[in-house]
Amino acid sequence: MENWRRKGPLGKLHNIVVYIQRSPQRIAAFLKLSSGKRLVRDNKTRWNSWFAIIDCAIQERIHLAIDLFCHQTGKDIEADWLSHEDWVVLTNIHHFLKFFHQATLATEGQRATIERIISTMEFLLEQLELGKLEYTNDSHISPCINSAWSKLDKYYSLTERSPAYIAAMVLVPFQKWTWIEDNWESTWIV
């Protein structure tokens, strides 16, 4: 639990959810406080699981139920209580992760095609650039944004290895070269 707690509000929220879900009695107590609403748990293997856990937790009824549950539980979970500032951080992270959630939805399933990859990556890189400016002084989000930008830029650079990505964009009948000409510097187009 201590390792998760070091991750700040995200880690504290993780600890609270795990604590509640460890026993049927705690789950029942939480369901009573939340009027039957269940908590979502993060998962290493599920895309957008951090978005999902925060999206669930910041709903007013769930947020209040979490706070009430923690205060009723007392010392067992006291180190993980979420302060008002923690909830603000979680709300900011949620706002930012929403872009990644939307990008995942836009590029998954049978209707997803290769021409969406570069434009989606560019959209996310743009959001990360804006996030760098908006969250410069945020000690929780700023390092995450820098890390995400670095990782996404690495994968974006790998698209240059195959002309298939650009060819797919150009071959879309309503788009052709327009998107590339509108969004890329002239030196990149060559």
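Please refer to the structure placed before this passage.
Residues numbered from 1 in each chain as written. Predicted model: local features only at pLDDT ≥ 70, side-chain atom pairs only at ≥ 80, totals over all residues. Heavy atoms only, no water.

Draft legend 1. Examining the overall build of the chain more closely. When helices and strands are counted, the chain shows eleven helices and zero strands. When its helices and strands are written in sequence order, the chain yields α-α-α-α-α-α-α-α-α-α-α. At 21 Å, the chain has a C-alpha radius of gyration far larger than the 16 Å of a compact globule built from 190 residues. In terms of overall dimensions, the chain has a C-alpha envelope of 65 × 35 × 25 Å along the principal axes. Within the span of the chain, comprising 190 residues, buried residues form 37% of the whole. When contacts within the chain are restricted to residue pairs at least 6 apart in sequence, long-range pairs at least 24 apart make up 63% of them. As displayed, the chain has an accessible area near 11,900 Å², and 55% of this comes from carbon and sulfur atoms. Across the chain, 22 positive and 22 negative side-chain charges occur, with their mean positions spaced 11 Å apart. (Helix = DSSP H or I, 4+ residues; strand = E, 2+ residues; numbered from the N terminus. Rg over C-alpha atoms; globule rule 2.2 N^0.38 Å. Buried < 20%, exposed > 50% of the residue type's maximum accessible area, 1.4 Å probe, protein only. Contact = heavy atoms within 4.5 Å. Areas by Shrake-Rupley, 256 points an atom, 1.4 Å probe, with all protein chains shown as cover. Lys, Arg positive; Asp, Glu negative; His and termini not counted. Charge placed at Lys NZ, Arg CZ, Asp CG, Glu CD.)

Draft legend 2. Here's a closer look at helix H8 (residues 141-158). For H8, with 18 residues, the first-to-last C-alpha span of 26 Å sits near the 26 Å given by 1.5 Å per residue. Within the span of H8, buried status applies to Ile141, Ser142, Ile145, Leu152 and Tyr156. Down the axis of H8, the buried side of the element spans an arc of 95°, and every buried residue falls inside it. In this fold, the buried residues of H8 make contact with helix H6 (84-106) and helix H7 (115-134). (Expected span 1.5 Å × (residues − 1). Arc of directions from axis to C-beta.)

Draft legend 3. Focus on the environment of Asp138. Within the secondary structure, Asp138 is located in the loop between H7 and H8. A relative accessible area of 15% means that Asp138 is categorised as buried. C-alpha of Asp138 to C-alpha of Arg22: the two residues are 116 residues apart in sequence and 32 Å apart in space. Polar contacts involving the side chain of Asp138 include one to the main-chain amide nitrogen of His140, which spans 2.9 Å. (Polar contact = N/O pair within 3.5 Å; in protein donor to acceptor, adjacent residues only side chain to side chain.)

Draft legend 4. Structural view of the packing of aromatic side chains. One pass over the full model with this rule turns up seven aromatic pairs. Geometrically, the ring pair formed by Trp4 and Trp50 is tilted, given 5.9 Å between the ring centres and 50° between the ring planes. Here Trp4, found in helix H1 (residues 2-5), pairs with Trp50, found in helix H4 (residues 49-57); they are 46 residues apart in sequence, far enough to count as distant. According to the relative accessible area criterion, Trp4 is partly exposed, its value standing at 26%. Take Trp50: its relative accessible area is 26%, and that puts it in the partly exposed class. Seen from their ring centres, Phe96 and Phe100 are 6.3 Å apart, and the 45° between their planes marks the pair as tilted. Highlighted residues: Phe96 and Phe100, both in helix H6, separated by four residues, approximately one helical turn. Of the aromatic side chains, those joined through ring pairs into one cluster are Phe96, Phe99, Phe100, Phe123 and Tyr135. Its end group placed over the ring of Trp4, Lys7 keeps NZ or CZ at 5.5 Å from the ring centre. Here the basic side chain of Lys132 rests over the ring of Trp149, its NZ or CZ set 4.3 Å away from the ring centre. (Phe/Tyr/Trp six-rings, centres within 6.5 Å; stacked < 30°, edge-to-face > 60°. Lys NZ or Arg CZ within 6 Å of the ring centre and 35° of its normal.)

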